[in-house]
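This is what each chain is made of:
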Amino acid sequence: DTAVSQTPKYLVTQMGNDKSIKCEQNLGHDTMYWYKQDSKKFLKIMFSYNNKELIINETVPNRFSPKSPDKAHLNLHINSLELGDSAVYFCASSQESGGRPLHFGAGTRLSVL
Amino acid sequence: RKEVEQDPGPFNVPEGATVAFNCTYSNSASQSFFWYRQDCRKEPKLLMSVYSSGNEDGRFTAQLNRASQYISLLIRDSKLSDSATYLCVVILGGGKLIFGQGTELSVKP
């Protein structure tokens with residue numbers, strides 16, 4: 001069983017479209033995250049949720065909206081996609097909000113044309 | 001200055017070599033430290049935590065120098081399978097994780 005699963009694995013879309021990425025973890029963790037890895041390989045945190053509550057919200061355009069229906073799910077919706085949004089988006093989870101190892105999903109490769 | 005800095009490499013070493021990576025961090029209040037490994041087109045995975053007294057896991061040794069604000073990773077007897085990008089991770093107060101850019105290692109036969 002995959003511990004942190006995200007879908008889709010690949011997403012190719014046109015500028016201006018709206019798309020969603022879904023993430024689910026079956027580890028029983030309390031905290032979930034979205035990270036963005038750009039072409040220079042930097043992994044930057046976007047959002048963090050603890051028990052469905054937003055605890056970290058980095059400087060991310062408001063076109064990005066996370067939603068956590070329960071502590072096992074954290075979805076990411078992106079409106080009006082731009083070329084610069086092309087990246088790999090990783091979902092992750094951890095037992096607590098800090099100091100605990102992250103378990104990452106396999107990533108979603110987003111290409112905006 | 002970046003919060004966490006690593007030499008991006010690539011480090012090209014022959015099998016059996018010993019290789020060391022350093023990572024510097026700017027926030028003296030940083031609380032916890034880790035090394036992650038990321039294979040090409042895969043997700044990062046925890047390699048090891050870094051403890052104040054230094055710690056070893058097989059061929060891998062991690063060390064922390066709080067005074068100089070750096071952590072290091074030493075890999076002995078490099079294997080082809082060690083080829084990957086090694087990411088330094090620092091946890092600030094409040095639980096915010098900061099990743100370094102990663103150091104690329106290529107082990108050649």
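In what follows, the accompanying structure is described. (Residues numbered from 1 in each chain as written. Chains lettered and ligands numbered in written order. Predicted model: local features only at pLDDT ≥ 70, side-chain atom pairs only at ≥ 80, totals over all residues. Heavy atoms only, no water.)

### Focus on the environment of Val-4 of chain B
Residue and element names in this part refer to chain B. Going by this rule: Elements are defined by DSSP. Helices are runs of H or I of four residues or more, strands are runs of E of two residues or more, and each kind is numbered from the N terminus. Pairs of residues are marked as contacts when any of their non-hydrogen atoms sit within 4.5 Å.
By the secondary structure assignment, Val-4 is in strand S1 (residues 4-6). In the structure, Val-4 is positioned 23 residues away from Asn-27 in sequence and 8.7 Å away in space, judged by C-alpha atoms. Apart from the residues lying within four places of it in its own chain, the contact partners of Val-4 are Cys-23, Thr-24, Tyr-25, Cys-88, Val-90, Ile-98, Phe-99 and Gly-100.

### Topic: the interface of chain A and chain B
Here is the rule: Accessible surface is computed with a 1.4 Å probe, and the buried area is the amount of it that two parts give up when combined, taken over both parts together. For salt bridges, the criterion is a side-chain nitrogen of Lys or Arg within 4 Å of an Asp or Glu carboxyl oxygen. We define a polar contact as two N or O atoms separated by no more than 3.5 Å, with the added condition that, inside protein, one atom must be a possible hydrogen donor and the other a possible acceptor, whereas residues neighbouring each other in sequence contribute only through side-chain atom pairs.
The interface of chain A with chain B comprises 22 residues on the first partner and 18 residues on the second. Of the roughly 1,600 Å² buried between chain A and chain B, counting both surfaces, carbon and sulfur atoms make up 60%. Summed over the three residues of chain A that lose the most area to chain B, namely Phe-42, Leu-43 and Phe-104 of chain A, the buried surface amounts to 28% of that side. The tally of links from chain A across to chain B stands at zero salt bridges. Where chain A packs against chain B, one counts two residue pairs in polar contact (both at pLDDT 80 or more). For the side of chain A that touches chain B, the secondary structure elements donating two or more residues are strand S4 (31-37) and strand S5 (43-50) of chain A.

### Observations concerning the state of the cysteines
What counts is decided by this rule: Our working definition of a disulfide is a cysteine sulfur pair at a distance within 2.5 Å. We call a residue buried when its accessible area falls under 20% of the maximum for its residue type, exposed when it is over 50%, and partly exposed in between, using a 1.4 Å probe and counting protein chains only.
A full pass over the atoms with the stated rule returns two disulfides over all chains. The side chain of Cys-23 of chain A participates in a disulfide bridge whose partner is Cys-91 of chain A; the two sulfur atoms lie 1.8 Å from each other. Every disulfide takes its handedness from the sign of the S-S torsion; for Cys-23 of chain A and Cys-91 of chain A that torsion is -75°, giving left-handed. Residue Cys-23 of chain A is found in strand S3 (residues 19-25), and its partner Cys-91 of chain A is found in strand S9 (residues 87-94); the two are separated by 68 residues along the sequence. On the accessibility criterion, Cys-23 of chain A (1% relative accessible area) is buried. Across a sulfur-sulfur distance of 1.9 Å, Cys-23 of chain B and Cys-88 of chain B are joined as a disulfide pair. Between Cys-23 of chain B and Cys-88 of chain B the disulfide shows an S-S torsion of about -70°. By sign, it is left-handed.

Any link to function would need more than the numbers given here.
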